[in-house]
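# Fold and contact review
Listed below, chain by chain, are the residues.
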Amino acid sequence: MPRYDFRCRSCGATFELRRAMAQANDPAVCPQGHTDTVKLLSTVAVTGASGGSAPQPPAGGGGGGCCGGGCCG
Ligand SMILES: [Zn+2]
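All values derive from a computational prediction rather than experimental measurement. (Residues numbered from 1 in each chain as written. Predicted model: local features only at pLDDT ≥ 70, side-chain atom pairs only at ≥ 80, totals over all residues. Heavy atoms only, no water.)

Now for the pattern of salt bridges. The full count for this structure, using the stated rule, is two salt bridges. Here Glu16 and Arg3 are joined by a salt bridge, their closest N and O atoms 3.6 Å apart. Of the two residues, Glu16 sits in strand β2 (residues 14-18) while Arg3 sits in strand β1 (residues 3-8), which places them 13 residues apart along the sequence. Take Glu16: its relative accessible area is 47%, and that puts it in the partly exposed class. Two residues, Arg9 and Asp36, come together in a salt bridge whose shortest N-O distance is 2.9 Å. Of this pair, Arg9 sits in the loop between β1 and β2 while Asp36 sits in the loop between β2 and β3 (37-40), and the two are 27 residues apart along the sequence. Taking the relative accessible area as the measure of exposure, Asp36 reaches 31% and is therefore partly exposed. (Salt bridge = Lys/Arg side-chain N within 4 Å of Asp/Glu carboxyl O. Helix = DSSP H or I, 4+ residues; strand = E, 2+ residues; numbered from the N terminus. Buried < 20%, exposed > 50% of the residue type's maximum accessible area, 1.4 Å probe, protein only.)

The next subject is the coordination of the zinc ion. Bound to the zinc ion on the protein side are Cys8 (SG), Cys11 (SG), Cys30 (SG) and His34 (ND1), at distances that span 2.0 to 2.4 Å. Its four donor atoms give the zinc ion angles of 104 to 122 degrees at the centre, a pattern that matches the tetrahedral case. The motif formed by the donor residues of the zinc ion, counted along the single chain, is C-x2-C-x18-C-x3-H. Taken as a pair, Cys11 in the loop between β1 and β2 and Cys30 in the loop between β2 and β3 lie far apart in primary sequence, 19 residues in all. (Donors = N, O, S within 2.8 Å, 3.2 Å for Na, K, Ca; no water. Tetrahedral: all angles 85-135°; square planar, octahedral: opposite > 155°, others 65-115°.)

Read across the open sheet, the three strands follow the order β2-β1-β3; overall the sheet is antiparallel. Only two strands of the sheet have a single partner each, and these edge strands are β2 and β3. When strand polarity is set aside, the average angle formed by the axes of neighbouring strands in this sheet is 35 degrees. (Pairing = 2+ DSSP bridges. Axes fitted to C-alpha atoms, helices over the stretch in contact; angles between N-to-C directions.)

Buried together is how nonpolar side chains tend to be arranged in soluble globular proteins. In terms of nonpolar packing, the biggest core is built from seven residues, these being Tyr4, Phe6, Cys8, Phe15, Ala24, Ala28 and Cys30. Sort the elements by how many residues they give to this core and β1 lands first, with three residues. With near-sequence residues (within four places) excluded, Cys8 lies in contact with Ala13, Phe15, Cys30, His34, Asp36 and Thr37. (Core = buried A, V, L, I, M, F, W, Y, C linked by side-chain atoms within 4.5 Å. Contact = heavy atoms within 4.5 Å.)

Laid out in structure tokens, this is it:
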């Protein structure tokens, strides 16, 4: 069963809940009893903004080749 992280906006506490994926978006109740909680992204770390992948040019393309020159067709 997946685990989800939540954060309480009332007291700022973070807590985890294990629940079925079908219930992932259900409201969670803080251990302190608050209901104003938000679901945090799990597993995908959002700490630090380091780089990121730059767009890459398409691989291959151009450049001779037998069939590219029409020598075999
Ligand atoms: Zn709370």
